[in-house]
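Residue-level listing of the chains:
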Amino acid sequence: MNPNPKYDLVVIGAGAAGLMCAGLAAKKDIKTLIIDHNPKPGRKIIISGGGRCNFTNLNIQPDRYLSQNPRFCISALKRYTQHDFIKLVKSHSLTFHEKTLGQLFCDQKSHAILAILQEECRSKHVDTHYQCEVSEVRKLDNGFELTTSNGKVFTQKLVIASGGLSMPKIGATNFAYKIAKQFELNLIPTRPGLVPFTLSGEKLELAKSLAGVAIEAKVSLNKKTSFRENILFTHRGISGPAILQISSYWQESQPVFFNFLPDENPEEFINELRKTRAKENLDQVLKSYLPKKFIELFLRAPQKPMAQLSKVEINKIKEMLFQCSITPSGTEGYRTAEVTLGGLDTRELSSKSMEVQKVPGLYFIGESVDVTGWLGGYNFQWAWSSASACIENI
Ligand code: FDA
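Basis of the calculations
- Residues numbered from 1 in each chain as written.
- Predicted model: local features only at pLDDT ≥ 70, side-chain atom pairs only at ≥ 80, totals over all residues.
- Heavy atoms only, no water.
- Phe/Tyr/Trp six-rings, centres within 6.5 Å; stacked < 30°, edge-to-face > 60°.
- Helix = DSSP H or I, 4+ residues; strand = E, 2+ residues; numbered from the N terminus.
- Buried < 20%, exposed > 50% of the residue type's maximum accessible area, 1.4 Å probe, protein only.
- Axes fitted to C-alpha atoms, helices over the stretch in contact; angles between N-to-C directions.
- Left-handed = near helix turned anticlockwise from the far one by under 90°.
- Contact = heavy atoms within 4.5 Å.
- Near = heavy atom within 4 Å.
- Polar contact = N/O pair within 3.5 Å; in protein donor to acceptor, adjacent residues only side chain to side chain.
- Areas by Shrake-Rupley, 256 points an atom, 1.4 Å probe, with all protein chains shown as cover.
- Nonpolar A, V, L, I, M, F, W, Y, C, P; charged D, E, K, R; others polar.
- Disulfide = S-S within 2.5 Å.
- Arc of directions from axis to C-beta.

Undergrad: So what's going on with the packing of aromatic side chains? Residues and values would help.
TA: A complete count under the given rule lists 19 aromatic pairs for this structure. An angle of 90° between the planes, with centres 5.5 Å apart, marks the rings of Phe55 and Phe96 as edge-to-face. Here the residue Phe55 occupies a position in strand 3 (residues 54–57), and Phe96 occupies one in strand 5 (residues 96–98), the gap between them amounting to 41 residues. On the basis of relative accessibility, which here comes to 0%, the residue Phe55 falls in the buried class. Judged by relative accessible area, Phe96 falls into the partly exposed class, the value being 24%. Plain terms: the ring middles of Phe260 and Phe298 are 5.6 Å apart, the flat faces sit at 75° to each other, and that makes the pair edge-to-face. Taken together, the residues Phe260 in the loop between strand 16 (256–259) and helix 9 (266–276) and Phe298 in helix 11 (residues 292–299) connect sequence positions 38 residues apart.

Shown next as structure tokens:
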């Protein structure tokens, strides 16, 4: 005979999605336990947004999420929107500002967002087991039995909110994927997303010599996929928001194209300069548009007046400035990736409740699922929305 469940709900993972889930469960007086193997909750929240947590985005749209099943996220994002989370933030008297492109950051440190989530969880109905390992999950007729380092726990419903593989040094594990395999659920292959590119050979040496130089550029893979934001040269290759964004779409060995003067028309730009600044060298002229070090080390323009440049030289310069192709040797991997692409195949889940269709009572939320947002608050919004969808239906 099965023992009586002790909890109505156990949430594994006290990150963004898990804490949101437990907080919403508390409001419904659902007897909940939240478990994390880290000694403290929300480590990613604390380091997010450069310490100021970019907690959502004003421009949340489903087409800014990558998934093998792109329509899956629509329902949850519609039912718990960025405005719902903003309302929660305001109700705790937290102030915030829009940085750029709809990205909302706390005025305070990101601890403030974590404090809100913890405050929401504060209830006689919510227990926490931190620094607690879950070694086994067993399906019973009326729920689940968990074997943990704190002993056995019984629950009617189980939410997997243990995230993806990015940043193992702060606690990321493959726990969610192990549970998926145990219940014979399909997984979409994972790879690091929102991650800097690495370079090799001559290009790496060049990047090293330019480390710290930032330029606003339009970075593209093809006509459909491009981002215009800063790029940043590093000691390993290239980073910056435009690179992180494009990295989620990048496939190995694929060239990446850079337009370093995205406001200019290539033909008109060069022709105009050849007319108006004919006697000056190109590097002199470009100093009004691009950093000096980048012009000297990267473009290495011929040292002669604009008017004397040959057709071949002009075409080469145009290519370097407007359609420069660089093939990364790889990415920095999960060590520095902000997110994990892939994960639990959403076709296994109900988009209404995040419940596994063939295992009633089992739910997956947040980054463990194959839904990955753009840089800029999109991933936290998915954590809030997927957690809300889950609790709305429990
Ligand atoms: P999350 O990773 O937050 O939480 C998972 C929890 O499960 C962790 O507490 C972990 O310890 C626990 N866990 C893992 N394995 C376990 C196991 N075996 N047993 C028990 N517990 C286990 N997004 C955004 O929208 N705005 C931003 O500003 C940023 N900034 C940012 C910076 C950096 C450096 C990173 C790495 C990531 C971001 N992100 C972001 C992405 C964002 O942090 C991420 O998408 C969410 O935290 C995902 O929330 P989850 O709750 O799904 O996983």
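Having seen the structure, we can now continue with the description.
Undergrad: Could you give an account of the packing of helix 1 (residues 16–27) against helix 13 (residues 378–392), with specific residues and numbers?
TA: Helix 13 packs onto helix 1 with a crossing angle of 35° between their chain directions and a minimal axis gap of 8 Å. Of the two elements, helix 1 crosses helix 13, and the hand of that crossing is right-handed. In this structure, helix 1 uses Ala16, Ala17, Met20, Cys21, Leu24 and Ala25 to contact helix 13, whose residues at the interface are Phe380, Ala383, Trp384, Ala387, Ser388, Cys390 and Ile391.

Undergrad: Summarise the site of the ligand; cite the residues concerned and give the values.
TA: Looking at the ligand, there are 30 residues lining it, with Ala17, Asp36, Thr173, Glu367 and Phe380 nearest. With respect to the ligand, the side chain of Lys44 contributes an N or O atom lying 3.2 Å from an oxygen atom. Protein coverage of the free-state accessible area of the ligand, which is 1000 Å², stands at 93%. Among the secondary structure elements, those contributing two or more residues to the shell around the ligand are helix 1, helix 2 (43–47) and helix 13. With three residues, the top contributor of residues to the shell around the ligand is helix 13. Tallied by class, the residues present in the shell around the ligand amount to twelve nonpolar, 14 polar and four charged.

Undergrad: Before we move on, could you go through the state of the cysteines and cite the residues and values that matter?
TA: Evaluated as defined, the whole model comprises zero disulfides. Distance from the sulfur of Cys53, which forms no disulfide, to the nearest cysteine sulfur (Cys106) is 5.1 Å. We classify Cys53 as buried; its relative accessible area is 0%.

Undergrad: Break down helix 11 for me, with residues and values.
TA: Residues of helix 11 that are buried include every one of Phe294, Ile295, Phe298 and Leu299, and no others. The buried residues of helix 11 occupy an angular sector of 105° when projected down its axis, which confines them to one face. Considering only its buried residues, helix 11 is in contact with helix 7 (201–209), strand 13 (214–220), strand 14 (226–233), helix 10 (282–286), helix 12 (311–322) and strand 17 (324–326). Downstream of helix 11 by one or two residues, Arg300 has phi in the positive range, about 40°.

Undergrad: Any details on unusual backbone geometry? Residues and values, ideally.
TA: Within the chain, Asp29 stands out as a residue other than glycine whose phi angle is a positive 55°. Looking at where Asp29 falls in the secondary structure, it is placed in the loop between helix 1 and strand 2 (32–36). Even without being glycine, Glu184 reaches a positive phi, approximately 55°. In this fold, Glu184 is placed in the loop between helix 6 (175–182) and strand 11 (187–193).

Undergrad: I'd love a proper account of the side chain of Thr81, names of residues and values included.
TA: Looking at the element boundaries, Thr81 is found in the loop between helix 3 (72–79) and helix 4 (82–91). Looking at Thr81, the relative accessible area reads 18%, which means it is buried. Within the structure, Thr81 has its side chain in polar contact with the backbone nitrogen of His83 (distance 3.1 Å).

Undergrad: Please set out the side chain of Asp345 residue by residue, giving values where relevant.
TA: The topology assignment puts Asp345 in the loop between strand 19 (339–344) and strand 20 (362–364). Within polar-contact distance, the side chain of Asp345 engages the side chain of Asn186 at 2.8 Å. Those residues in contact with Asp345, other than ones at most four positions away along the chain, are Asn186, Leu187 and Ile188.

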